[in-house]
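Now for the letters of each chain:
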Amino acid sequence: LQEIPKEWLDATSSDLSGGGIRFRSLTQYKKNNLLEVIIPVSTPVGEVQVKLKLRVIASIHVVDSRLPFETRGEFIGIDDGIRENIIKFVFDEQRRRIRKD
């Protein structure tokens, strides 16, 4: 794996949970592909970049979208503390959006 060149691609997340993520990108992935994703997460010490392994569940083409592929994946080998930080981040974002409305 060390010999395989890494190519970082931008994506936009549309759904995040402690178990996985759904995102849009310019790339379509095959089911069971393994990806490495970096997610910014707020923690008590500030925002940190969390690097996680992801197994692709599905990747579909979305018509008339700037980012034409929607991919869903599940985190694998995720530490419980990281999972809890992600869940807290999601709930904090939901509360922030509710207050904004």
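To keep things clear, this report deals only with the structure shown in the data block. (Residues numbered from 1 in each chain as written. Predicted model: local features only at pLDDT ≥ 70, side-chain atom pairs only at ≥ 80, totals over all residues. Heavy atoms only, no water.)

**Focus on the pairing of strand β2 (residues 20-25)**
The two faces of the sheet receive side chains in turn, since in a regular strand these alternate between them. Inclusion rule: Here, strands pair whenever DSSP counts at least two bridges between them. Secondary structure elements follow DSSP: runs of H or I of four or more residues count as helices, runs of E of two or more count as strands, with numbering from the N terminus.
Inspection of the sheet shows strand β1 (residues 12-16) paired to β2 by four bridges, in the antiparallel sense. Residue pairing across strands places Ser 13 opposite Phe 23, the latter belonging to β2. Counted along the chain from β1 to the antiparallel partner β2, the turn is three residues long.

**Focus: the packing of aromatic side chains**
Applied cut-off: A pair of Phe, Tyr and Trp rings is counted when the ring centres sit within 6.5 Å of each other, with Trp represented by its six-membered ring. The angle between the planes then sorts it: under 30 degrees is stacked, over 60 is edge-to-face, the rest tilted.
This structure, assessed with the given rule, holds one aromatic pair. Each ring, one from Phe 23 and one from Tyr 29, has its centre 6.3 Å from the other, and the planes form 65°; the classification is edge-to-face.

**Considerations on unusual backbone geometry**
Condition: Throughout, exposure labels follow a simple rule: accessible area from a 1.4 Å probe, protein chains only, divided by the maximum for the residue type, with under 20% read as buried, over 50% as exposed, and the rest as partly exposed.
Phi is positive for Asn 32, which is not a glycine, with a value near 75°. With respect to the helices and strands, Asn 32 occurs in the loop between β2 and β3 (34-43). Although it is not a glycine, Asp 64 adopts a positive phi angle of roughly 55°. Among the residues examined, Asp 64 registers a relative accessible area of 79% and is labelled exposed.

**Regarding helix α1 (residues 80-100)**
Note the threshold: Multiplying 1.5 Å by the helix residue count minus one yields the expected span of that helix. Picture the helix axis, draw a direction to every C-beta atom, and the arc is the one those directions span. Should any heavy atoms of two residues lie within 4.5 Å, those residues are counted as being in contact. We call two N or O atoms a polar contact when they sit within 3.5 Å, provided that within protein one can donate a hydrogen and the other can accept it, with sequence-adjacent residues counted only if both atoms are side-chain atoms.
Relative to the 30 Å expected for 21 residues at 1.5 Å per residue, α1 spans 30 Å between its end C-alpha atoms, a close match to the ideal helical length. Every buried residue belonging to α1 is among Ile 86, Phe 89 and Val 90, and all of these are buried. Buried positions in α1, seen along its axis, are confined to an arc of 95° and lie on one side of it. When the buried face of α1 is taken as reference, the exposed residues oriented beyond 90 degrees from it are Asp 80, Glu 84, Ile 98 and Arg 99. Tucked inside the fold, the buried residues of α1 contact β1, β3, β4 (46-61) and β5 (69-76). Two or three places before Gly 81, at the start of α1, stands the capping residue Asp 79, its side-chain oxygen 2.9 Å from that residue's backbone nitrogen.

Keep in mind that these numbers describe shape and distance, not what the molecule does.
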